[in-house]
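Read off the chains here:
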Amino acid sequence: MKVTTLGAAREVGRSAFLVNSNNTNILLDYGVLLKKEPLFPIKVSPNEIDAVVITHAHLDHSGCVPSLFLDENTSLEALATMPTFELSQLLIQDMIKISGFYLPFQYHDMMNMLNHARHIDYRKSHNIRDTTITFHESGHVIGGSTVLVENDEKRLFYTGDMNTRGSKVLRPADLDIGEIDMLIIESTYSQAEQVPRDQSERELVKYAKEVVERNGVFFIPAFSVERAQEIACVLKTYDFPYKIAMDGMALKTNDIMLRYPKYLRDSKMFRSSIEDVERITSWHRRKRVVKEPGVIISPAGMLVGGTAVFYIEEICKSQYNGIALVSYQGEGTPGRSLLDKRQVTYNGRTIKCLAEVNRFDFSGHNSRTELFEILDKVKGDPQVLTVHGDNLSCTKFAEEIVEKYGYRAHAPEAGEVTTV
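Here the structure is a predicted model, which is why all the values come from computation and not from measurement. (Residues numbered from 1 in each chain as written. Predicted model: local features only at pLDDT ≥ 70, side-chain atom pairs only at ≥ 80, totals over all residues. Heavy atoms only, no water.)

## Things to note about the overall build of the protein chain
Item 1. Secondary structure summary: the protein chain contains 12 helices and 22 strands in total.
Item 2. For the protein chain, whose C-alpha radius of gyration is 21 Å, the value lies close to the compact-globule estimate of 22 Å for 420 residues.
Item 3. Judged by the C-alpha coordinates and their principal axes, the protein chain covers about 65 × 50 × 45 Å.
Item 4. Among the 420 residues that make up the protein chain, the fraction classed as buried is 60%.
Item 5. For the protein chain, restricting intrachain contacts to residue pairs at least 6 apart in sequence, the fraction spanning at least 24 positions comes to 73%.
Item 6. Counting only carbon and sulfur atoms, one obtains 47% of the accessible surface of the protein chain, whose full area is about 17,500 Å².
Item 7. Charge centroids of the protein chain, computed over 49 positive and 56 negative side chains, lie 7 Å from each other. (Helix = DSSP H or I, 4+ residues; strand = E, 2+ residues; numbered from the N terminus. Rg over C-alpha atoms; globule rule 2.2 N^0.38 Å. Buried < 20%, exposed > 50% of the residue type's maximum accessible area, 1.4 Å probe, protein only. Contact = heavy atoms within 4.5 Å. Areas by Shrake-Rupley, 256 points an atom, 1.4 Å probe, with all protein chains shown as cover. Lys, Arg positive; Asp, Glu negative; His and termini not counted. Charge placed at Lys NZ, Arg CZ, Asp CG, Glu CD.)

This is how it looks when you write it as structure tokens:
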């Protein structure tokens, strides 16, 4: 079994791994790294692969898959859970819509991808020629999967993005996979510990109450897929007594998630939380709600676009308001500028923020301790590839794995081929 690293090599973004077993070629993810100029994985010819697996809908894993479906008559299959396909369509369609940069595909190519979709459920094996694929629950995003690849008595486990804690919305990752010969593991927070989730939840709710009770508006810019819904569920669980409104693409995500109750940790609690939230769907209401004490949840999580741009410009005007950053804030984004400098810049105009700004840990990734807990449970003597982290997170993590477990571990470079 050979693995070619096509992306996510010592970086977070454009995840892509080509697995070759006895002339069967399976692509695990094919994402994009969104910067001012987007970065794509090393190109692979669709004619040379038998199937592409999408572990979950986030664009850094799904965003380049439509480029494999430029030919309407291709025999290539796309494999994912049903929620993953629906959410991937939502996110990719939005990327196409707002894109001011080159994309190696168009809308009809995304639709062709969906025409070649094969829905796979958790723990149900699927054969691709002489290779078997099995999805396991990842705990990262609804419908998200880890992937077990088996061929010729070799077993490879790819974590994609995973969360063994679970959340208010999702069950923890399923790690019951047996012995493995290779592990491709994310390294995002391998060198960092996150604040315990229950602590973050309590602090967020406390802060929200403080802001609303001083007659302010509490704004939470959040990723439209999962994070916005999780925050709504947290507020519901802690009996938050004030109005909660939600806006933007998160509303479409709500509708998709409600269609798949079996993928949720507690579908009744989720439905109750979402139904209690006011849906903001018009500019008339948007302009009013931003002046009313309460909570507003809206994408984009890094303030790069969406309805969040309108809200942040209004919320920043008053010292009575509060802003909670609950999503990762990438370098060069308005969210990072707000966090570091208390200002944001849109269309060449810099806005100073008078509102109070705080950050809360709500990552869907495992932190350092949990990554090592995963490795503690590994069975077999696998070769390990550390990916999906910055340079230090990947290389240092690999060194620590070698030292602690004795496994052959390293952080592959883009284009590198590893054989097991």
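Now that the structure is up, let's keep going.
## What to know about the environment of Lys-209
Item 1. Note on placement: Lys-209 falls in helix α4 (residues 197–213).
Item 2. For Lys-209, a relative accessible area of 28% corresponds to the partly exposed category.
Item 3. Residues in contact with Lys-209, not counting those within four places in the same chain, are Phe-240, Pro-241 and Tyr-242.

## Comments concerning the packing of aromatic side chains
Item 1. Inspection of every chain in the model, using the stated rule, returns 11 aromatic pairs.
Item 2. Between Phe-310 and Tyr-311, the aromatic rings sit 5.3 Å apart at their centres with planes inclined by 65°, giving edge-to-face as the arrangement. Pair check on accessibility: Phe-310 and Tyr-311 agree, each one buried.
Item 3. Lying over the aromatic face of Trp-283, Arg-286 brings its terminal NZ or CZ to 4.5 Å of the ring centre. (Phe/Tyr/Trp six-rings, centres within 6.5 Å; stacked < 30°, edge-to-face > 60°. Lys NZ or Arg CZ within 6 Å of the ring centre and 35° of its normal.)

## Topic: the sheet that holds strand β10 (residues 154–158)
Pairing between sheet strands relies on hydrogen bonds along the backbone, with the strands arranged either parallel or antiparallel.
Item 1. Pairing is mixed across the open sheet formed by 7 strands, whose spatial order is β7-β8-β9-β10-β11-β20-β21. On the outer flanks of this sheet lie β7 (126–128) and β21 (409–410), each paired with one strand and no other.
Item 2. Contacts from helix α12 (residues 391–405) reach β11 (182–186), β20 (383–387) and β21 within the one sheet, and its direction differs from that of β20 by about 155°. (Pairing = 2+ DSSP bridges. Axes fitted to C-alpha atoms, helices over the stretch in contact; angles between N-to-C directions.)

## A few points about the sheet that holds strand β19 (residues 356–359)
Item 1. Judged by pairing direction, the sheet is parallel, and its 6 strands sit side by side in the order β14-β13-β15-β12-β16-β19 without closing on themselves. Taken across any chain shown, the strands that pair with only one partner, and hence form the sheet edges, are β14 (278–280) and β19. Each neighbouring strand pair of the sheet contributes to a mean axis angle of 20°, computed without reference to strand direction.
Item 2. The pairing of strand β13 (residues 244–247) with strand β15 (residues 294–298) spans 3 bridges and is parallel. Note on β15: the bridge partner recorded for Ala-245 is Ile-296.
Item 3. Where helix α6 (residues 250–258) meets the sheet, its contacts fall on β13 and β14, and the angle it forms with β13 comes to roughly 95°.

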